[in-house]
Amino acid sequence: MTTPHLPGQPQLAYQGDELFMEQVRLSDLAKEYGTPLFVYSKACMLSALNAYQQGFSGREVQICYAMKANPALGVIAVFAQAGCGFDVVSGGELARVLAAGGRADKVIFSGVGKTRCEMRQALAARIACFNVESEEELEVLNEVALSMGVRAPISLRVNPNVDPKTHPYISTGLKSSKFGVAHERVLPVYQRAAALPGIEVVGIDCHIGSQITQEGPYLDMVDRMLDMVEAIEKCGVHIHHIDFGGGLGIDYNGETPPDATQLWKKLLHKLDARGFGARRLLVEPGRSLVGNAGVCVSEVLYLKPGEHKSFCIIDAAMNDLPRPAMYQAYHQIVPLRCPNRDADATWEVVGPVCESGDWIGHDRALDVNPGDLLAVLSAGAYCMSMASNYNSRGRAAEVLVDHHQSHLIRRRESIADQMRQEMPAPESAGSAAT
Ligand SMILES: *Cc1c(COP(=O)(O)O)cnc(C)c1O
């Protein structure tokens, strides 16, 4: 049969008729750790990071992995060891970076709802920059910093309002979005920031959306950002670094997003042409660093052929892989053992959760039997990080593959783990038997 499309190649490939991640047979991991099981390729993560590093070579740049895509300590450690910084969106994520050996001075802190407590935590750790998303947040951060006797380094996250008609994939850089400071407020807010004693302006930041597969939005965004930097600096406020955010898409189902190396070479050309070639740069990639490095291995539990639709019920569900239910997202699903004939049936691939929204793939041509193992591909980003305990299902285990070795980086969550934080309510007075 024709080999299925495998986003994540060459680290993910059939050797003979068995699917391998690097030099590790995925069915061996399923046997050892059970299913559902997330497996990540270290080489794939590092090669994705390298695409950014190549694009920026010779420049002063800090790549900050947007770790909400996959916050496993074992994943953070890979990026920290490669010199990566981190874009965090909560105090919890900051704590994870520090626990995994990441450096606080390479951390930037994004998000529209930072609490005073999180601000104190980040100031105490001496992170590199707060990406401030509103005027009120700026005032609160100033107060918190002054109360600690320090100055908070900040960027304003600006909203470049990239035209949605030409670039429909943009979802966070629009005027109507909850993110960032509106274009027309940028100058007065920078002037205010420069005047606040607890604030030190260090940069400017934006992030226009996710799973962007065209270069058009990026090129527009860069022009708008540079226009803003010029205007801000005319007002006497110096911008040390420019942060272009994340958002570069990946191949889930044959998409062809720009290659990071080529994209950033093009963007740097624009910066050079406008005299910003020597400026310190930041980027915040998430999905494009980890998305295609991961798969979720799952076992077929039951087949339920029907007149209209046939269901293939697997042991991974929407609590493990929330993207199809949440965004109607597509993940490629392939067998761990490449069948020697073409599939003669199509299946609705679904999980065991008691909800019709619990589907993983529609109308998939698969030659399957109960007990077979499947891999849900491109599952390295926004899967485990969004996993829940819905239906009291324990979260899956995670394994990091490195050449021929594999390391368990998170053990499977047990029901005892799940119940640990809970306590039974006391019986109400008078209801006890006499
Ligand atoms: C989520 C997020 C990112 C990363 O987005 P990807 O699409 O995963 O690259 C970067 N910056 C901010 C502020 C984010 O919220």
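Model, not experiment: these values are computed from the prediction. Position labels on residues start from 1 in each chain and follow its written sequence. Reporting of local features is limited, given that this is a predicted model, to residues whose pLDDT is at least 70; pairs of side-chain atoms are given and counted only at 80 or more, and all residues count toward the totals for whole chains, interfaces and linings. Calculation of side-chain values draws on the structure's entire complement of heavy atoms; hydrogens and water are dropped beforehand.

Caption draft 1: Summary view of unusual backbone geometry. Cis peptide bonds are those with omega within 30 degrees of zero, and the linkage from threonine 35 to proline 36 qualifies with -5 degrees. Helical segments are the DSSP runs of H or I of at least four residues, strand segments are the runs of E of at least two, and each set is numbered from the N terminus. Examined against the element boundaries, proline 36 turns out to sit in the loop between α1 (26–33) and β4 (37–41). For glutamate 22, which is not glycine, the phi dihedral falls at a positive 50 degrees. Tracing the backbone shows glutamate 22 in the loop between β2 (18–21) and β3 (24–25). Notably, arginine 126 is not glycine yet its phi reads approximately 65 degrees, a positive angle. Burial classification: accessible surface area is computed with a 1.4 Å probe over protein chains only, and a residue below 20% of its type maximum counts as buried, one above 50% as exposed, and the rest as partly exposed. Arginine 126 gets classed as exposed once you look at its relative accessible area, which sits at 61%.

Caption draft 2: Main features of the sheet that holds β3. Ordered in space as β1-β2-β3, the three strands form an open sheet in which the pairing is antiparallel. Edge positions in the open sheet fall to β1 (12–15) and β3, since each of these has one partner strand only. Two elements, β2 and β3, share two bridges in a ladder whose sense is antiparallel. Bridge pairing links methionine 21 to valine 24 in β3. Two strands form a pair only when DSSP identifies at least two bridges running between them.

Caption draft 3: Inspection of the site of the ligand at higher detail. Each residue is tested against the molecule or strand, and it is near if at least one of its non-hydrogen atoms lies within 4 Å. Taken together, 14 residues form the shell around the ligand, and within it Lys68, Ser210, Glu284, Arg287 and Tyr382 come nearest. Here a polar contact is taken to be a pair of N or O atoms separated by no more than 3.5 Å, where protein atoms must pair a possible hydrogen donor with a possible acceptor and residues adjacent in sequence count only if both atoms sit in side chains. Residue aspartate 87 places a side-chain N or O atom 3.2 Å away from a nitrogen atom belonging to the ligand. Serine 210 places a polar side-chain atom, nitrogen or oxygen, 2.3 Å from an oxygen atom of the ligand. Areas reported here follow the Shrake-Rupley algorithm with a probe of radius 1.4 Å; residue values treat only the protein chains shown as occluding. Notes on the ligand: free accessible area 390 Å², of which the protein chains cover 93%. The residue inventory of the shell around the ligand, partitioned by class, reads three nonpolar, six polar and five charged. Basically, the charged four are Asp, Glu, Lys and Arg, the nonpolar ten are Ala, Val, Leu, Ile, Met, Phe, Trp, Tyr, Cys and Pro, and anything else, Gly included, counts as polar.

Caption draft 4: Structural detail: the nonpolar core. Nonpolar cores were defined as sets of buried Ala, Val, Leu, Ile, Met, Phe, Trp, Tyr and Cys residues, with membership established by side-chain atoms within 4.5 Å. Counting 101 residues, the largest nonpolar core has Tyr65, Phe79, Phe86, Phe130, Ile154, Ile204 and Phe244 as its most contacted members. Here this core gets eight residues from one element, more than from any other, and that element is helix α8 (residues 216–234). Both domains that furnish three or more residues to this core are identified here as domain 1 (12–41 + 291–419) and domain 2 (111–283). Any two residues whose heavy atoms approach within 4.5 Å at even a single point are treated as in contact. Excluding its chain neighbours within four sequence positions, the residues that come into contact with tyrosine 65 are Asn70, Val75, Phe79, Cys84, Gly85, Phe86, Asp87, Pro285, Gly286, Leu289 and Val290. Here the bounds of each domain stem from an automatic or database domain assignment.

Caption draft 5: Local environment of α8. The terminal C-alpha atoms of α8, which comprises 19 residues, lie 28 Å apart, in line with the 27 Å expected from a rise of 1.5 Å per residue. Turning to α8, its buried residues are Gly216, Pro217, Tyr218, Met221, Val222, Met225, Leu226, Met228, Val229 and Ile232. One less than the number of residues in a helix, times 1.5 Å, gives the span that helix is expected to have.

Caption draft 6: Representation of the pairing of strand β19 (residues 373–376) in the model. Pairing between strand β14 (residues 294–304) and β19: four bridges, direction antiparallel. Paired with serine 298 across the two strands is leucine 374, which belongs to β19. Sheet analysis places strand β16 (residues 333–335) next to β19, joined by three bridges and oriented antiparallel. Looking at the pairing, isoleucine 333 lines up with valine 376 of β19.

Caption draft 7: Layout of the environment of cysteine 354. Within the element layout of this structure, cysteine 354 appears in the loop between β17 (346–350) and β18 (359–365). Residues cysteine 354 and tyrosine 390, 36 residues apart in the sequence, show an inter-C-alpha distance of 9.5 Å.

Caption draft 8: Layout of the packing of aromatic side chains. Only rings of Phe, Tyr and Trp enter the pairing, Trp through its six-membered ring, and a pair is recorded when the two centres are within 6.5 Å. The plane angle decides the type: under 30 degrees is stacked, over 60 is edge-to-face, the rest tilted. As enumerated under the stated definition, the model contains seven aromatic pairs in all. Measuring from centroid to centroid gives 4.6 Å for tyrosine 65 and phenylalanine 79, while their planes differ by 35 degrees, and the two rings are tilted. Of the two residues, tyrosine 65 sits in strand β5 (residues 61–66) while phenylalanine 79 sits in helix α3 (residues 73–81), which places them 14 residues apart along the sequence. Residue classification places tyrosine 65 among the buried positions, given a relative accessible area of 0%. Judged by relative accessible area, which is 0%, phenylalanine 79 ranks as buried.

Caption draft 9: Expanded view of the pattern of salt bridges. When a carboxyl oxygen of Asp or Glu is within 4 Å of a side-chain nitrogen of Lys or Arg, the pair counts as a salt bridge. Following the criterion strictly, the structure yields 25 salt bridges and no others. Among the salt bridges present, the one from aspartate 402 reaches lysine 42, with a minimum N-O distance of 3.7 Å. On the criterion of sequence distance, the pair formed by aspartate 402 in strand β20 (residues 397–402) and lysine 42 in helix α2 (residues 42–55) is long-range, its members being 360 residues apart. A cluster of three or more residues bridged by salt bridges with shared partners is formed by Asp17, Glu18, Arg25, Asp28 and Arg337.

Caption draft 10: Layout of the state of the cysteines. Pairs of cysteine sulfur atoms within 2.5 Å are what we label disulfides. Using the criterion set out here, one finds zero disulfides in the structure. Cysteine 117 forms no disulfide, and the closest cysteine sulfur to it belongs to cysteine 129, at a distance of 20 Å. We note that cysteine 338 lacks a disulfide partner, and the nearest cysteine sulfur, in cysteine 312, lies 16 Å from it. The exposure class assigned to cysteine 338 is buried, which follows from its relative accessible area of 15%.

Caption draft 11: Broad picture of the domain arrangement of the chain. Segmenting the chain into domains produces domain 1 (12–41 + 291–419) and domain 2 (111–283). A C-alpha centroid distance of 36 Å is found between domain 1 and domain 2. On the domain 2 side, the residues contacting the seven residues of domain 1 number four residues. A simple way to read buried area is as the amount of 1.4 Å-probe accessible surface that goes missing from two parts once joined, with both sides added. Roughly 540 Å² of surface becomes buried between domain 1 and domain 2 when both sides are summed, with 47% attributable to carbon and sulfur atoms. Considering only the side of domain 1, the residues that lose the most area to domain 2 are Asn292, Tyr330 and Ser378, jointly responsible for 60% of the buried surface there. Where domain 1 meets domain 2, there are zero salt bridges. The tally of links between domain 1 and domain 2 comes to one residue pair in polar contact (both at pLDDT 80 or more).

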